[in-house]
Amino acid sequence: MARVASSNGTRKMLCTPHRKDVTEGSSIEHIRQLVFDINKSLRRQHLDIELFLGMENHLDPQLPTEITAGRALTINGSRYALVEMPFFGYPSYLKEVLSSLQENGIIPVLAHPERIEAIQRDITLLVDLIERGMLTQITAGSVLGYFGDTASKFTRVLLEQRMVHVIASDCHTPEGPRSPTLLPGINAIINIIGEIETKAMVTEIPKAIMEDKDVLVSPPRTKY
């Protein structure tokens with residue numbers, strides 16, 4: 001995946017193993033070592049790409065405590081944390097946990113909101129979370145229809161309403177719809193919102209997050 005990403009112009013790649021997979025089947029120390037070893041291998045191969053460590057953190061009542069304890073990771077050690085809401089349903093603790101993270105100085109970056117049922121059903125939920133200071137990260141393949149028509153159409157709505165801040169590959173395999181090849185999705189998004197805003201979502205904003213700098217975004221364009 002790193003080789004494919006490098007060949008497609010990616011220079012920095014954030015690894016985000018699922019928190020549950022790490023805590024149940026591995027350890028924080030293990031994944032840190034994996035990133036170190038792979039970066040060493042990439043340098044030996046003279047590939048112009050560097051991996052960094054984060055985690056895709058499932059939203060549950062324990063998440064704030066787990067981040068404080070170091071068992072759940074933020075993005076490259078920054079104040080930003082990639083948070084995955086449940087794909088289905090609307091847990092009663094959702095806003096409470098997200099608010100608790102913010103009270104602890106953590107800024108949630110909401111993973112693939114275009115594929116989250118609760119947000120698809122009520123876009124005002126996402127409007128509220130963004131207005132509270134949270135960021136969103138869509139999957140590039142969503143706009144291309146890789147996750148179905150509903151996600152594709154909803155991604156376009158989020159883009160048009162300026163409710164997207166980061167575009168990511170969410171890659172799982174070197175090839176196919178879950179590959180790290182971002183360009184087709186980027187080109188499709190350029191056709192929707194233009195080149196300047198699209199490029200910021202794969203360059204300036206992710207860079208600021210990785211470097212733990214402030215990210216200033218405009219409020220959603222339309223109130224519902």
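On a predicted model such as this, the values are computed, not experimentally measured, just so you know. (Residues numbered from 1 in each chain as written. Predicted model: local features only at pLDDT ≥ 70, side-chain atom pairs only at ≥ 80, totals over all residues. Heavy atoms only, no water.)

### Quick word on helix α7 (residues 123–131)
All buried positions along α7 are accounted for by I123, L125, L126, V127, L129 and I130. Contacts from the buried residues of α7 go to α5 (94–103), β5 (107–111), α6 (117–121), β6 (135–139) and α9 (149–160). Just downstream of α7, G133 is the residue with a positive phi angle, here 110°. (Buried < 20%, exposed > 50% of the residue type's maximum accessible area, 1.4 Å probe, protein only. Helix = DSSP H or I, 4+ residues; strand = E, 2+ residues; numbered from the N terminus. Contact = heavy atoms within 4.5 Å.)

### Considerations on unusual backbone geometry
The phi dihedral of H112 is positive, around 30°, even though this residue is not glycine. Tracing the chain through its elements places H112 in the loop between β5 and α6. Judged by its relative accessible area of 3%, H112 is buried. With phi around 50°, D170 is a residue other than glycine that occupies positive phi space. Turning to its location among the elements, D170 is positioned in the loop between β7 (166–168) and α10 (183–193).

### With respect to the pairing of β6
Burial analysis of β6 places five of its five residues in the buried class, the great majority of the element. Here β6 shows two buried faces, one formed by L135, Q137 and T139 and the other by T136 and I138. Sheet analysis places β5 next to β6, joined by three bridges and oriented parallel. Within β6, the residue paired with V109 across the bridge is L135. One ladder, built from three bridges, connects β6 with β7; its direction is parallel. By the bridge assignment, Q137 is partnered in β7 with V166. (Pairing = 2+ DSSP bridges.)

### Some words on the pattern of salt bridges
Think of it this way: side chains of opposite charge can pair up when their charged atoms draw near. Scanning the model with the defined rule gives 17 salt bridges in all. In this structure, E211 engages K207 in a salt bridge whose closest nitrogen and oxygen atoms are separated by 3.0 Å. (Salt bridge = Lys/Arg side-chain N within 4 Å of Asp/Glu carboxyl O.)

### Quick notes on the packing of α9 against α10
In the contact formed by α9 and α10, the axes pass within 10 Å of each other and the chain directions differ by 50°. Comparing their axes, α10 and α9 come out oblique. Note on packing geometry: the crossing formed by α9 with α10 is right-handed. Along the contact surface, α9 presents R156, L159 and E160, while α10 presents I189, I192 and I193. (Axes fitted to C-alpha atoms, helices over the stretch in contact; angles between N-to-C directions. Parallel < 35°, antiparallel > 145°, perpendicular 65-115°, else oblique. Left-handed = near helix turned anticlockwise from the far one by under 90°.)

### With respect to the packing of α5 against α7
Between two packed helices, both the angle of their axes relative to each other and the distance between the axes serve to describe the pair. Where α5 contacts α7, the two axes come as close as 12 Å, and the packing angle between them is 15°. Taken as axis vectors, α5 and α7 run roughly parallel relative to one another. Crossing of α5 against α7: the hand is right-handed. Contacts between α5 and α7 involve L94, K95 and L98 from the former and L125, D128 and L129 from the latter. Classifying every residue of the contact of α5 with α7 gives four nonpolar, no polar and two charged. (Nonpolar A, V, L, I, M, F, W, Y, C, P; charged D, E, K, R; others polar.)

### Describing the nonpolar core
Residues L59, L63, M85, L98 and L159 are the most contacted members of the largest nonpolar core, which totals 53 residues. Here this core takes six residues from α7, the largest share from any one element. Beyond its immediate sequence surroundings of up to four residues, L63 is in contact with R19, N57, H58, A72, V83, V97 and L101. With 14 residues, the next largest nonpolar core counts L82, I107, I209 and M210 among its residues. (Core = buried A, V, L, I, M, F, W, Y, C linked by side-chain atoms within 4.5 Å.)

Everything listed here is a matter of coordinates, which is why it stays silent on function.
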